[in-house]
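Reading the structure
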Amino acid sequence: MKTIYNITIFLSLLVVGCNSEPTLQKYFVENTENKNFIALDVSPSILNVDKAQLSTEQIGALESFDKMNVLAFKLNETNKAQFELERAKVNQILKNKKYQQLMKYGSGSVGASVSYVGSDEHIDEFVLFANSKEAGFAVVRVLGTDMNANSIVTLMSVLKSSNIDMAQLKPLQEMFKK
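What follows concerns the packing of helix H2 (residues 24-31) against helix H4 (residues 80-94). One way to put it is that H2 packs onto H4 with a least axis distance of 10 Å and a crossing angle of 155 degrees. On the basis of their axis angle, the class for H2 and H4 is roughly antiparallel. Contacts between H2 and H4 involve Leu24, Tyr27 and Asn31 from the first element and Glu86, Lys89, Val90, Ile93 and Leu94 from the second. When grouped by side-chain class, the residues that make up the contact of H2 with H4 number 5 nonpolar, 1 polar and 2 charged.

Of all 10 residues in strand S2 (residues 65-74), 7 are buried, a share of seventy percent or more. Both strand S1 (residues 37-42) and S2 contribute to a ladder of 6 bridges, which runs antiparallel. Opposite Ile38, over in S2, you have Ala72 as the bridge partner. Two strands pair when backbone bridges link them, and S2 and strand S6 (residues 136-147) are joined in this way by 9 bridges, in the antiparallel orientation. Bridge pairing in S6 places Lys74 opposite Gly136.

Let us look at the sheet that holds S2. Pairing between sheet strands relies on hydrogen bonds along the backbone, with the strands arranged either parallel or antiparallel. Ordered in space as S1-S2-S6-S5-S4-S3, the 6 strands form an open sheet in which the pairing is antiparallel. Of all strands in the sheet, those bounded by a partner on one side alone are S1 and strand S3 (100-107). Each neighbouring strand pair of the sheet contributes to a mean axis angle of 10 degrees, computed without reference to strand direction. Bridge analysis of strand S4 (residues 110-118) against strand S5 (residues 123-132) gives 9 bridges, and the strand direction is antiparallel. Looking at the pairing, Val117 lines up with Glu125 of S5.

Our next topic: H4. Compared with an ideal rise of 1.5 Å per residue, which puts 15 residues at 21 Å, H4 spans 21 Å between its outermost C-alpha atoms and is within 8% of the ideal. Among the residues of H4, those classed as buried are Phe83, Glu86, Arg87, Val90, Ile93 and Leu94. Seen end-on, H4 carries its buried residues on one side only, within an arc spanning 120 degrees. Away from its buried face, by an angle of more than 90 degrees, H4 presents the exposed residues Ala81 and Gln92. Buried residues along H4 sit against H2, S1, S2, S4, S5 and S6.

The next thing to look at is the packing of helix H3 (residues 56-64) against helix H5 (residues 149-160). Following both chains from N to C, one finds H3 and H5 inclined at 105 degrees, their axes separated by 8 Å at the closest point. Of the possible angle classes, the one that applies to H3 and H5 is roughly perpendicular. Across the interface between the two elements, Glu57, Gln58, Ala61, Leu62 and Ser64 from H3 touch Ser151, Thr154, Leu155, Ser157 and Val158 from H5. Of the residues belonging to the contact of H3 with H5, the class tally is 4 nonpolar, 5 polar and 1 charged.

Along the chain, Ser64 falls in helix H3. By relative accessible area, which is 8% here, Ser64 ends up buried. Among the polar contacts listed, one links the side chain of Ser64 to the backbone oxygen of Ala61, at a separation of 2.8 Å. Setting aside its immediate chain neighbours within four residues, Ser64 contacts Leu143, Gly144, Thr145, Met147 and Ser151.

Before going further, it helps to spend a moment on the environment of Asp120. As for its position among the elements, Asp120 is in the loop between S4 and S5. For the pair Asp120 and Met147, spaced 27 residues apart in the sequence, the C-alpha separation amounts to 8.8 Å. When sequence neighbours within four positions are dropped, the list of residues in contact with Asp120 reads Asn148 and Ala149.

Here is what the cut-offs are and how they apply
Residues numbered from 1 in each chain as written. Predicted model: local features only at pLDDT ≥ 70, side-chain atom pairs only at ≥ 80, totals over all residues. Heavy atoms only, no water. Axes fitted to C-alpha atoms, helices over the stretch in contact; angles between N-to-C directions. Helix = DSSP H or I, 4+ residues; strand = E, 2+ residues; numbered from the N terminus. Parallel < 35°, antiparallel > 145°, perpendicular 65-115°, else oblique. Contact = heavy atoms within 4.5 Å. Nonpolar A, V, L, I, M, F, W, Y, C, P; charged D, E, K, R; others polar. Buried < 20%, exposed > 50% of the residue type's maximum accessible area, 1.4 Å probe, protein only. Pairing = 2+ DSSP bridges. Expected span 1.5 Å × (residues − 1). Arc of directions from axis to C-beta. Polar contact = N/O pair within 3.5 Å; in protein donor to acceptor, adjacent residues only side chain to side chain.

Put into C-alpha cells, the structure is as follows:
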C-alpha cells in the first residue's frame, strides 16, 4: 500500500513539474542567452529616491515593488522572420487566462499592452509588452508583493521624482544604439 502511495505522489509531481504550458518566466529563461535578445533584471534601487521626501502611500508602493525583468528583441535586417515568430509567441503567452489585460494600444506598426497576474487587490506581476515593426519589442515584468492598480499608479508618481540610476539600464541603451 505504501508503495502505491509513493508511486502516486511521484507521478503527480512529475505531471505537475512537467507542465509544458508556456509562461513569460519560461520565455525569459529560454531567451536570456539568445543573441537577438537582451535581458536585464532591475532592482528598486534604480529609482534613487529619498524616502524622507515620500508620502506613506508612496513608500508603501515602493516597498511592494520587488524587481523588474526586461527582455528586449532588437529588430534588424537579418532577423525579421525571427522577430515575427517571437512576437507571436509572446502574444500567445499573454492570451493565457492567467494574464488579465488592463489596456491595449495599437496604431499600425506600433503596439503595447498592460496585463497583470493575480487578483485586483493582490497583484503579483504587471506585464508591459511594447512592440514596433521598425525597432523590435520589449517585455517588462514588474514583480512585487501585494501590489494593486493604485500602487502602480503611485509608483509612477515616484518615478517622476526619482533620480534613475542609468547604469542599470546601460546594456539596454547599448543595444538600441547599434
